[in-house]
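The lines below spell out each chain.
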Amino acid sequence: MTAAGIARLAGVGRAAVSNWRRRHPDFPKPVGGTETSPSFALADVERWLREQGKLAEVPLRERVWQQIAGHPAGAVTALVHAGCALLLVRDRSAAWPALAALPDERLTGVLPVALEETLTERLGPERPVLTPTVAALTASVPLLRGAAELAAELGGVRPAFEFLLGRHLDANPRQYTLTPPGPAALMAALATGGTAPAAGAGADTRAPLTVLDPACGTGGLLGAVERPGAVCGQDADHDLAALTALRLALSAETAADIRVRSGDSLRADAFPVLAADAVLCHPPFNERNWGHDELAYDPRWEYGFPARTESELAWVQHALARLRPGGTAVLLMPPAAASRRSGRRIRADLLRRGALRAVVALPAGAAPPYGIPLHLWVLRRPVPGERPAAELLLVDTASEHTGQGGRDGQGGQGGRDSRDRLDWPAVHTAVLDAWTAFDRDGTLAATPGESRAVPVIELLDDDVDLAPARHLPPRAAAEGATQLALVRERLAETLHRTRELTPAPVTEPATTGGGPAGATAGTTTVGELARAGALTLHAGGAGTAPAGAPVAVLTDHDVLAAQPPSGTLPDGPPEDPVLLAAGDVVVPVLGGGAAVRVVDTPAAGAALGRNLQLLRPDPAALDPWFLAGFLRATANTRQASSYASTATRLDVRRLQLPRLPLAEQRRFGERFRALAEFEETLRQASRLGEQLVQGLYDGLADGTVAP
């Protein structure tokens, strides 16, 4: 385990672990890693922490995770072994207690036979992605036992495996390109809900389907399919293919036909004769080495040979080639694929033959890379003898279902902000409603700014540009002068209110006793107040979504933008988040800016997000508005900020405020509250002013407003 893992075990920061190593000669010696990032043995660390009184007991989930992270064969191999054990626990539930009671030596001899039988039943005799060896299992016996115990603690083998896999993915974010659950569910619904029945299948569209993902990664897309019959996946990474096979086997309620293979789908297709009902794919983007030179005469290129720079169009045609006639494919695509000139001939042929049915622009932040608004392409393999579709559905959700400035996430911080503001349920509903109506009727009434069924003939120009925003009239054009008049009225009312709320002229400093309160009163720090019990501190970022009603999350962007909670809790094993209460004071700890928020009643009950600190004052000792006002002072945040890294971090415990009696605090608090109300009104005026100005520009340009 690393120093970060030790810090999690003991509930301290990494700096504390570094201090322990320097100050305590008996601190465990590194057993691996590098000089700058050493690793330690879990048992040695656990024993030392307990002897020092810094640890009562290692939580089971942390113990099992450390066995995964520190496994001699690597974390992915350890995850595969843990998944095999969990599959054995579920499918051999009657025999597992007797197996678990065996000594390690005997269990090592019995496990391979039992696993062979279980894997054969679940995945068939041909499973080249799962071949655990006896030698590898010998080193994993403690892990296998721990995984079984974790399944009992978390209520099932599936949540246990998802927890371990999630920890591994979170610890290695740059190694994997994942499809988040929201887009995965939408893609599965588009592909399986809109798939026409196969010939001779009758009208039962709820029959089990054969689904393929030729770039399956960790299996997120295949796992989102609700009614799979046969599930086929392939990935160029052998380890990812193994994890996908186990994830699907552990998720399946019934014994679905699961076939997962490793290898490059474009160069070495593992399912060359498959006729799937649906194909889901999040292909690698901008790949130059996709096989252009060796695949020039491949029969899959029915719509044209893709250029070297058009790897995504190779994946599109691969998906169509693996569909039965009438089957549906949904691919997550970069927006450039809809407009690059090098792909215009293939796009034109996809339109002429009716293979491309819809292009959907998603909001920035929906899926990685988070800084750009990706597209969904919905395709259908033409049925011989049927007339090609005359229209293409275009849907643009890139700005309609995010907060203010939904298109500004162009990488880095902007991409994260877009994720925080994203109203994914609204996106899911809007896209699915538009596609369902279009797929049923073959056309769709236009919704300005959101969706339109465009005649194919209009798109077959020199560019064949399929970007939805290019063909959808802006919402403002439909709203016209009436809507702009309403905006102007609201702006006038808001400006009048800002005049009422403008602070009075400052003629002399507020005093307490003999001089300015902030200058002469004794000061204290947040850390001292916390030790005295006048307030409690809580860090954000923990917690998972409960089984009942969803819990909103207050993000650091929400605090900076003064907007309602917009985040959502992740799925995972039950873990209680920090919930907000009215009167709490929330402070962002990154960025070095002056932003503090007092939680009001509408925001109460939301969870505290990452990079936020919550200060919960004792009402008998501290006024929350007094606390928030002094914490926001520029000199205060400057002296409490650390500039040791590229990201300025605020040490909340070092923030200062004067020692004043409660009555005097409330006098300051009322003034700070009035300033906050004035500030929010200014923000509202700014937003309305921007909306009015842009609406007038657009109206004058498109003729809906007279000069």
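Residues numbered from 1 in each chain as written. Predicted model: local features only at pLDDT ≥ 70, side-chain atom pairs only at ≥ 80, totals over all residues. Heavy atoms only, no water.

We now examine the pattern of salt bridges. Following the criterion strictly, the structure yields 29 salt bridges and no others. Residue Asp 349 is joined to Arg 353 by a salt bridge in which the shortest nitrogen-to-oxygen separation is 3.6 Å. Residue class for Arg 353 comes out partly exposed when judged on its relative accessible area of 32%. (Salt bridge = Lys/Arg side-chain N within 4 Å of Asp/Glu carboxyl O. Buried < 20%, exposed > 50% of the residue type's maximum accessible area, 1.4 Å probe, protein only.)

In this section: the sheet that holds strand S8 (residues 356-361). On the basis of which strands lie adjacent, the open sheet formed by nine strands has the order S5-S4-S3-S6-S7-S9-S8-S10-S11 and mixed pairing. Where the open sheet ends on each side, the last strands, each with one partner, are strand S5 (257-262) and strand S11 (451-455). Sheet twist, expressed as the mean angle between neighbouring strand axes with direction ignored, is 15°. Bridge analysis of S8 against strand S9 (residues 375-380) gives five bridges, and the strand direction is antiparallel. Within S9, the position partnered with Val 360 by the bridge is Leu 376. (Pairing = 2+ DSSP bridges. Helix = DSSP H or I, 4+ residues; strand = E, 2+ residues; numbered from the N terminus. Axes fitted to C-alpha atoms, helices over the stretch in contact; angles between N-to-C directions.)

With the rule as written, the count across this model stands at 11 aromatic pairs. Consider the rings of Trp 290 and Trp 301, whose centres lie 5.9 Å apart with planes at 90°: the pair is edge-to-face. Here Trp 301 lies in the loop between strand S6 (276-281) and helix H13 (311-321) and Trp 290 lies in the loop between S6 and H13, a separation of 11 residues in the sequence. Since its relative accessible area comes to 2%, Trp 290 is described here as buried. The class of Trp 301 is buried, set by a relative accessible area of 9%. With centroids separated by 6.2 Å and ring planes inclined at 40°, the aromatic side chains of Trp 435 and Phe 438 adopt a geometry described as tilted. (Phe/Tyr/Trp six-rings, centres within 6.5 Å; stacked < 30°, edge-to-face > 60°.)

A few words on the sheet that holds strand S17 (residues 567-568). Read across the open sheet, the three strands follow the order S17-S16-S20; overall the sheet is mixed. Unpaired on one side and paired on the other, S17 and strand S20 (607-608) mark the two borders of the sheet. Pairing between strand S16 (residues 552-554) and S17: two bridges, direction antiparallel. Counted as the bridge partner of Ala 552 is Thr 568 from S17.

Time to look at helix H3 (residues 42-51). Turning to H3, its buried residues are Leu 42, Val 45, Glu 46, Trp 48 and Leu 49. Along the long axis of H3, the arc covered by the buried residues comes to 165°, so they all point the same way. In this fold, the buried residues of H3 make contact with helix H1 (3-10), helix H2 (14-23) and helix H4 (60-69). Gly 53 sits one or two residues past H3 and shows a positive phi near 75°. (Arc of directions from axis to C-beta. Contact = heavy atoms within 4.5 Å.)

Glancing now at the packing of helix H5 (residues 75-91) against helix H9 (residues 157-171). Relative orientation of the contacting elements H5 and H9 amounts to 175°, with a least axis distance of 10 Å. Classified by the angle between their axes, H5 and H9 sit roughly antiparallel to one another. Contact residues: Ala 75, Val 76, Leu 79, Ala 82, Gly 83, Leu 86, Val 89 and Arg 90 in H5; Val 157, Ala 160, Phe 161, Leu 164, Leu 165 and His 168 in H9. Taken together, the residues of the contact of H5 with H9 sort by class into 11 nonpolar, two polar and one charged. (Parallel < 35°, antiparallel > 145°, perpendicular 65-115°, else oblique. Nonpolar A, V, L, I, M, F, W, Y, C, P; charged D, E, K, R; others polar.)

Our focus in this paragraph is the nonpolar core. Here is a general trend for soluble globular proteins: nonpolar side chains tend to be buried in one another's company. The biggest cluster of nonpolar side chains holds 90 residues, and the ones touching the most others in it are Ile 68, Leu 280, Leu 362 and Leu 376. With 12 residues, H5 is the largest single contributor of residues to this core. Leu 295, Leu 313, Trp 315 and Val 359 belong to the second largest nonpolar core, which has 41 residues in total. (Core = buried A, V, L, I, M, F, W, Y, C linked by side-chain atoms within 4.5 Å.)

A few words on the state of the cysteines. A full pass over the atoms with the stated rule returns zero disulfides. No disulfide involves Cys 216; its sulfur sits 9.6 Å from that of Cys 281, the nearest cysteine. Take Cys 216: its relative accessible area is 4%, and that puts it in the buried class. (Disulfide = S-S within 2.5 Å.)

Of the residues in the chain, 85% reach a pLDDT of 70 or more, and the chain-wide mean stands at 83. For the stretch residues 402-418, pLDDT sits under 50, and the model shows 32 contacts to residues farther than four places along the chain or on other chains. Predicted confidence for residues 512-516 stays below pLDDT 50, and this span has 10 contacts to residues more than four positions away or in other chains. (pLDDT = per-residue confidence, 0-100.)

Looking now at unusual backbone geometry. In this structure, the amide linkage connecting Pro 368 to the following residue, Pro 369, adopts the cis form with an omega of -5°. Although it is not a glycine, Val 464 sits at a positive phi angle of roughly 50°. Secondary-structure assignment places Val 464 in the loop between helix H17 (456-459) and helix H18 (475-501). Positive phi outside glycine occurs at Asn 611, with the angle close to 60°. The topology assignment puts Asn 611 in the loop between S20 and strand S21 (612-617).

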